[in-house]
Amino acid sequence: MSASGGVWTNWARNQSVRPVRVERPRSVGAVQRAVVSAGKAGLRIKAVGSGHSFSAIAVAGGVQLDLLDLAGLISVDPVLGRVTLAAGTRLFELPRLLEPHGLALANMGDVDRQTISGATSTGTHGTGGRFGGLATQITALTLVTGDGTLLRVSETENAELLPAARLGLGALGILVDLTLQCVPAYLLRAVEAAEPLEEVLDTYLDRSENPDHFEFYWFPHTDTALTKTNTRLPADAGRSPLGRVSRWVDDELLANGAYRAICALGRLAPRAVPPFNRLATRLSGRREFTDVSNRVFVTRRTVRFREMEYALPREQVPAALREVRALIEERGWRISFPIEVRSAAADDLWLSTASGRDTGYIAVHRYFREDPAEYFDAVEAIMRAHDGRPHWGKLHDRDADSLRQSYPHFDDFLSVRDRLDPERRFSNSYLERVLGR
Ligand SMILES: Cc1cc2nc3c(=O)[nH]c(=O)nc-3n(C[C@H](O)[C@H](O)[C@H](O)COP(=O)(O)OP(=O)(O)OC[C@H]3O[C@@H](n4cnc5c(N)ncnc54)[C@H](O)[C@@H]3O)c2cc1C
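All of these numbers come straight from a predicted model, not from anything done at the bench.

Visitor: Sorry if this is basic, but what is going on with the site of the ligand here?
Guide: Taken together, 36 residues lie around the ligand, and Ala-47, His-52, Ser-53, Thr-115 and Thr-122 are the ones closest in. Taking Gly-118, its main chain carries an N or O atom lying 2.8 Å from an oxygen atom of the ligand. A distance of 2.8 Å is found between an oxygen atom of the ligand and a side-chain nitrogen or oxygen belonging to His-391. The fraction of the free accessible surface of the ligand (980 Å²) that becomes covered by protein chains is 99%.

Visitor: Can you help me understand unusual backbone geometry in this one?
Guide: A negative phi angle characterises most non-glycine residues, just as the trans form characterises most peptide bonds. At the junction of Asn-210 and Pro-211, the peptide bond is cis and its omega measures out at 15 degrees in the coordinates. Turning to its location among the elements, Pro-211 is positioned in the loop between α5 (197-209) and β15 (213-218). Despite not being glycine, His-221 shows a phi value in the positive range, around 75 degrees. Within the secondary structure layout, His-221 lies in the loop between β15 and β16 (224-234). In this structure, Asp-387 is a non-glycine residue whose phi angle is positive, near 65 degrees. Within the fold, Asp-387 resides in the loop between α10 (373-385) and β21 (389-390). On the accessibility criterion, Asp-387 (40% relative accessible area) is partly exposed.

Visitor: Teacher, can you tell me more about the environment of Glu-195 here?
Guide: Mapped onto the elements of the fold, Glu-195 is located in strand β14 (residues 186-196). Between the C-alpha atom of Glu-195 and that of Ala-354, which follows or precedes it by 159 residues, the distance is 27 Å. Discounting chain neighbours no more than four positions away, the residues touching Glu-195 are Val-200, Arg-207, Asp-223, Thr-224, Ala-225 and Thr-227. A polar side-chain atom of Glu-195 sits 2.8 Å from a polar atom in the side chain of Arg-207.

Visitor: Sorry, what's going on with the packing of α5 against helix α9 (residues 317-331) here?
Guide: Between two packed helices, the angle of one axis relative to the other and the distance separating the axes together describe the packing. Running from N to C, α5 and α9 cross one another at 150 degrees; their axes reach a closest spacing of 8 Å. Judged by the angle between their axes, α5 and α9 are roughly antiparallel. Counted together, Leu-197, Glu-198, Leu-201, Asp-202 and Tyr-204 of α5 and Val-317, Pro-318, Leu-321, Arg-322 and Arg-325 of α9 form the full contact between these two elements. Tallied by class, residues from the contact of α5 with α9 come to six nonpolar, no polar and four charged.

Visitor: Sorry, what's going on with the nonpolar core here?
Guide: Buried together is how nonpolar side chains tend to be arranged in soluble globular proteins. Membership of the largest hydrophobic core comes to 77 residues, with the highest contact counts inside it found for Trp-392, Phe-413 and Leu-435. Beyond its immediate sequence surroundings of up to four residues, Leu-435 is in contact with Leu-169, Ala-171, Leu-351, Ala-400, Phe-410, Phe-413, Leu-414 and Arg-417. Listed in part, the 39 residues of the second largest apolar core include Leu-197, Leu-201, Met-308 and Val-324.

Thresholds applied
Residues numbered from 1 in each chain as written. Predicted model: local features only at pLDDT ≥ 70, side-chain atom pairs only at ≥ 80, totals over all residues. Heavy atoms only, no water. Near = heavy atom within 4 Å. Polar contact = N/O pair within 3.5 Å; in protein donor to acceptor, adjacent residues only side chain to side chain. Areas by Shrake-Rupley, 256 points an atom, 1.4 Å probe, with all protein chains shown as cover. Helix = DSSP H or I, 4+ residues; strand = E, 2+ residues; numbered from the N terminus. Buried < 20%, exposed > 50% of the residue type's maximum accessible area, 1.4 Å probe, protein only. Contact = heavy atoms within 4.5 Å. Axes fitted to C-alpha atoms, helices over the stretch in contact; angles between N-to-C directions. Parallel < 35°, antiparallel > 145°, perpendicular 65-115°, else oblique. Nonpolar A, V, L, I, M, F, W, Y, C, P; charged D, E, K, R; others polar. Core = buried A, V, L, I, M, F, W, Y, C linked by side-chain atoms within 4.5 Å.

Take a look at the structure:
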C-alpha cells in the first residue's frame, strides 16, 4: 500500500482512491469519535490494513482510518493459549509477540505483510485440509459499529454475531481488537519437490488431508507441479534451517529476481513464456529443511501480480484444474505466472470461502503489467461451473445475487449488517456489488 499526493494505492497497483481525509487514531475512543464525526459529516468511513487486497474491498473514498498506531499485544491468556491483539497488528509482528509465550498461529498464508484485521476480514487462508483460515482462529473481537458504539463479541457476549463478525468483509464495523486461539509453538519440516502434474492431481485429495500442509504450483505450459509438503513437529525436534546463502539464492535471486526478469521478458516476447516456464520448473530442485513455523509458511513476494482465487468443493479441484489447463492450450495464451493449489477444512463462518465444506483453492495470477481480464473471466466461468466461491480480497466479477446462491447464510449476514450498520457507514462500491446496498 502506498499514499502519494494523497492518493492511496493497493499493493497490486490496480486500486486507488483519494480519501476525503485520512485519520490515524491512537485509541479506541478516537476510533469511536472518528465514526461519529464521519456520520455527522455524511461521510463513509473504512479502516484499511496493508492494502494487500487485489479487489476494491479496502477502497475508502470518505474517511480512511489507518490503524498503524493501534497495534501490538494487549493481553495473553496462558492457560487457554489465547492472545488479544490490537486491530492494526501486522502478521510479521506476531512471531516476536507470541514467541515469549511459547505460542504460534495454527496456520498462515504465503506472506505476512497484512494486518490481522485485514487478513481475517477477507478470509485469508494458508493450506492444510485439516486446518481453517486465519479467521477461524478468532474467539472474540471488539467492533465500533455504525453509531460509534463499542460492541464486544465473544463466546459469552453477543455470541450469535460470531459467525458473521469473525469474517465481516469490513462491512460490520471497525475492529479495534481481536482475540486469537493460538497453539504451542512448533516447527515445520518442509519438503519441496518437482513432480509430474498428473500424478499430483490424482493424489491431491489424499495429500490435502495428510500430511499437514500440502500445496503445489503448476507453471502453465509444463507437465510438472512444484509441490510443498510441510509436516508439523514439536518445538524441540531440532531445526535444520536453510542456510542464509541458499535461502537468498533460491528465494531472492531465483524466485523474485530472475522471475521478475522472466515476467518482464515474457510480456515483450510471449513466445518465450513456455520455454521459460519449463526452465523455471527444471531449476527448482528438491529442498528439505526444518524451521520455526512462520519461517516455513511465509515467503517474500517482490514481483507484483494480480490474482483471482476460487474456493471449490475439494473433490472438484483436479477436474477444474484440468479444464483450466485445456483452456490455456485452446486459447493459445502465454501465462508466465504459476497456478497455486491449496486446501482448507470446512468451517462455520457464514462468509468464509470454506463455509460448510472441505475446500480446495485454485489461484490464478498475472504479472501486474499484463491485463488479466480475458484469462480471469474464462477461468472464473470454469470455477462457477464447479460451485466455486471467490476470495473476497482477490479479483472476481460476482455480485450479490450470484453470491447468495453460493452461501447458505448470505441473508443471515445481511441481517447482521442491517443491525450493526443500518446507514452503511462502512460500505463502498465493492461492498455494494457483493452484498447489495
Ligand atoms: C503478495 C500477496 C500475497 C497474498 N497471500 C495470500 C495468501 O496466502 N492467502 C490468502 O488467503 N490471501 C492472500 N493474499 C490476500 C490478502 O491476504 C488479503 O487480501 C488481505 O485481506 C489483505 O490484508 P490487509 O491487511 O492488506 O487488508 P486490506 O486489503 O487493506 O483490507 C482488507 C479488508 O479488511 C478491512 N479492514 C482492515 N482493517 C480493518 C479493521 N480494523 N476493521 C474492520 N475492517 C478492516 C478493510 O476495510 C477491507 O475490507 C495475498 C495478497 C498479496 C498482495
